[in-house]
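Remarks on the overall topology
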Amino acid sequence: MDLTKASLLREMLTGTELGSRTTTFAHSLRRFTTRAGGLMLFGPPEDEPWHLTAHLDDELLRAGIRDIRPSLVRWAPPPDAPPHLAIGLDRLRESGRGESLLVVAEQTPADSLLERIDDVRRRGTTIFSIDNGNKDLASLSHESLVPELLIPSSFGTGWVSHPVGQDHDEPDHGRHAVPEETLTALRDAVAGFEMTQHLVSLAVADEDATQSAGWRRSLRTFIERLSGEPS
């Protein structure tokens, strides 16, 4: 899915649980990554999240955000790999507070992956995950996204080609209609694991990513104190 389709999809999901959760998740990723170069991505050796790493890097670069540029941590990078694809497991052993590890695992994670994540968490790194709802990974994650729990099975089936962002009383004459091939691509994307990653990569570069979470957290803490609940 290209940037135009991903942006359109995000606009169409505004106000839905999926749109809200992916935005909140991405903003938390920004807020908890306070060390320069402290955003790491990791996954199973047979499906390393290079695709999401590239999208995050593109969006952060486009927004002029250079302090948390993402790095892909690989299980066994080849000796001749370029620098950005040559970061091995030693990077995990060097992780610590102020850094974040984003784990992407569409399939059930192996014990070896979970062990690495547990070790990183013990070092003080914040763990984020996009996965299939695995309980072991959830127990290690400070925040997680499970796409299949956020997307109703019928979501997107009723989409038709009609104007976006226009007054319904205003005649359109087909000038602003969403092309059918674009809608087809969006319908296909909604059912996919990849779509959530696109939404996260777009939201992580929001201008208010570090600000909105702050006032929400302060408000939540204030309410908890009033109600007597622990913060």
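In the block above lies the structure referred to throughout.
The rules behind the values
- Residues numbered from 1 in each chain as written.
- Predicted model: local features only at pLDDT ≥ 70, side-chain atom pairs only at ≥ 80, totals over all residues.
- Heavy atoms only, no water.
- Buried < 20%, exposed > 50% of the residue type's maximum accessible area, 1.4 Å probe, protein only.
- Helix = DSSP H or I, 4+ residues; strand = E, 2+ residues; numbered from the N terminus.
- Pairing = 2+ DSSP bridges.
- Right-handed = clockwise from strand over helix to strand, strands pointing away.
- Phe/Tyr/Trp six-rings, centres within 6.5 Å; stacked < 30°, edge-to-face > 60°.
- Expected span 1.5 Å × (residues − 1).
- Arc of directions from axis to C-beta.
- Contact = heavy atoms within 4.5 Å.
- Core = buried A, V, L, I, M, F, W, Y, C linked by side-chain atoms within 4.5 Å.

A few words on the pairing of strand β4 (residues 126-131). Across the six residues of β4, six count as buried, placing the element largely inside the fold. Sheet analysis places strand β3 (residues 100-105) next to β4, joined by six bridges and oriented parallel. Bridged to Leu102 within β4 is Phe128. Considered for its hand, the β-α-β crossover made up of β3, helix α5 (residues 111-122) and β4 is right-handed. The sheet contact formed by β4 and strand β5 (residues 143-145) spans three bridges and is parallel. Along β5, the bridge assignment pairs Phe128 with Glu143. Following the chain from β4 across helix α6 (residues 135-140) to the adjacent parallel β5, one finds a crossover that is right-handed.

Below, the discussion takes up the environment of Val104. Tracing the backbone shows Val104 in strand β3. Among the residues examined, Val104 registers a relative accessible area of 7% and is labelled buried. Through-space distance from the C-alpha of Val104 to that of Pro49 is 6.3 Å; in sequence the pair is 55 residues apart.

In this section: helix α9 (residues 193-203). Burial runs high along α9: 10 of the 11 residues are buried. Buried within α9 are the following residues: Phe193, Met195, Thr196, Gln197, His198, Leu199, Val200, Ser201, Leu202 and Ala203.

Take the packing of aromatic side chains next. In this structure the tally under the stated criterion is two aromatic pairs. Look at Phe25 and Phe128: their rings are 5.5 Å apart centre to centre, the planes differ by 85 degrees, and that puts the pair in the edge-to-face class. Residue Phe25 is located in helix α2 (residues 17-32), and its partner Phe128 is located in strand β4; the two are separated by 103 residues in the primary sequence. Note on accessibility: Phe25 and Phe128 belong to one class, buried. Where Phe42 meets Trp75, the ring centres are 5.1 Å apart and the plane angle is 25 degrees; that geometry is what we call stacked. With a gap of 33 residues between them, Phe42 in strand β1 (residues 39-42) and Trp75 in the loop between β2 (71-72) and α4 (90-93) connect regions that are remote in the sequence. Under the relative-accessibility criterion, Phe42 is labelled buried at 0%.

Bringing α5 into the picture now. Between its first and last C-alpha, α5 extends 16 Å over 12 residues, near the 16 Å set by a 1.5 Å rise per residue. Within the span of α5, buried status applies to Leu113, Leu114, Ile117 and Val120. When α5 is viewed along its axis, its buried side chains cluster within an angular range of 125 degrees and face the same direction. Among the exposed residues of α5, those pointing more than 90 degrees away from its buried face are Asp111, Glu115 and Arg122. The secondary structure elements touched by the buried residues of α5 are β1, α4, β3, β4 and α6. Phi turns positive, to about 100 degrees, at Gly124, one or two residues after α5.

Soluble globular proteins: nonpolar side chains tend toward being buried together. Counting residues in each nonpolar core, the largest one holds 19 residues, and the members touching the most others are Phe25, Leu52, Leu102 and Ile130. Elements represented by at least two residues in this core include exactly α2, β1, α3 (50-62), β3, β4 and α9. Look past the residues within four positions of Leu102 in its chain and what remains in contact with it is Phe25, Leu29, Met40, Leu41, Phe42, Leu52, Leu56, Phe128, Ser129 and Ile130. Trp75, Leu92, Leu101 and Leu140 belong to the second-largest nonpolar core, a separate cluster that totals 16 residues.

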